[in-house]
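Examining the three-dimensional arrangement
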Amino acid sequence: MTATAPAAEATVRKSSPGTARGPRRRTGRLRRVGLPYLLLLPALLLELLVHLVPMVIGIVMSFKELTQFYIRDWSTAPWAGLDNYSVSVDLDAPVGKALLHSFLVTVAFTVLSVGLCWLIGTAAAVFMQDTFRGRGLLRALFLVPYALPVYAAVITWVFMFQHDNGLVNHVLHDQLGLTDKPSFWLIGDNSFVALLTVSVWKGWPFAFLIVMAGLQNIPRELYEAAALDGAGMVQQLRRITLPSLRPVNQVLVLVLFLWTFNDFNTPYVLFGKSAPEAADLISVHIYQASFVTWNFGTGSAMSVLLLLFLLVVTGIYLALTSRGRRTAQ
């Protein structure tokens, strides 16, 4: 018994350093795992400060009767309850009718702009897959509208759409003779066409860039095998290119939809504070309801309704696309 006691003590001494290293290893592992989150914490806090706090304030303002009389201290404005929302959705009242018209114009504008951006971008990306002289230069030129600052690009289009000395009327009327007289592009019904043109010109390079990146992941062997089987370019596009680009296109369409539906810079720079009725997008309409008529409560209610609409549409879109992916698998 006396001989076994020192052996047991020696065994305890040998095992004690291992037990001490155990907590140290766990602490080091926790540090390595938690370090990335710790580094992301300042950016996350700033992101919440920039987006979440104004969103909460806007929601609170939508329940207040906030006008120019309370602008110095908006917290003292009386509560309006759901009155701002009821006024916004009352289709028999002028405010509700104007908001519905702006919403319908925005939906039509978004559908056409997103569809044309995707179509032109995809066609250009597929065309750029072939090797030819000057392809790099042409790619760079395609990205110029996307690389230009929004204000500089839209102001250039403002000068081009001028009635008397604009380039668009000079080409269409003076040189090609397609119109009987110079058209007004920044007022009247033609303002919708002008807005759509600028939006597509500015947005399709982004679709081109995303689709072109997605095409790089499609193996060339698939096209070679399809060509050996006698598949033409249209069949390769239908059977190989578009199915392979489905995940990319799902994200691309959603991003373009959100950007276009919320676009404020393009119509504001193109038309100013008061957009024509044919190009009255909902972003500019909410700006007018808030900062032109000084009814910030109603404008905040419209913004909340717009946020809810975009959340519902995004949720439905993501549910449908995820179901489509599961069905395809």
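Keep in mind the model is a prediction, meaning the values are calculated, not measured. (Residues numbered from 1 in each chain as written. Predicted model: local features only at pLDDT ≥ 70, side-chain atom pairs only at ≥ 80, totals over all residues. Heavy atoms only, no water.)

A few words now on the environment of Val 114. Examined against the element boundaries, Val 114 turns out to sit in helix α3 (residues 94-127). Remark: the alpha-carbon pair of Val 114 and Val 253, spanning 139 residues in sequence, is separated by 7.0 Å. (Helix = DSSP H or I, 4+ residues; strand = E, 2+ residues; numbered from the N terminus.)

What follows deals with the packing of aromatic side chains. Throughout the structure, instances matching the rule amount to 20 aromatic pairs. Taking the centre distance of 5.5 Å and the plane angle of 80 degrees together, the rings of Tyr 268 and Tyr 287 count as edge-to-face. Taken together, the residues span a long stretch of sequence, with Tyr 268 in helix α12 (residues 265-271) and Tyr 287 in helix α13 (residues 282-292) at a distance of 19 residues. Under the relative-accessibility criterion, Tyr 287 is labelled buried at 18%. Clustering of aromatic rings is evident, with ring pairs tying together Phe 264, Tyr 268, Tyr 287, Phe 291, Trp 294 and Phe 296. Directly above the aromatic system of Trp 79 lies the positively charged group of Lys 64, at a separation of 4.6 Å from the ring centroid. (Phe/Tyr/Trp six-rings, centres within 6.5 Å; stacked < 30°, edge-to-face > 60°. Buried < 20%, exposed > 50% of the residue type's maximum accessible area, 1.4 Å probe, protein only. Lys NZ or Arg CZ within 6 Å of the ring centre and 35° of its normal.)

All right, on to the confidence of the model for the protein chain then. In the predicted model, the protein chain carries a mean pLDDT of 85, and 89% of its residues have values of at least 70. Looking over the protein chain, one finds the lowest element-wise mean pLDDT in helix α1 (residues 4-61), namely 70, and the highest in α3, namely 94. (pLDDT = per-residue confidence, 0-100.)

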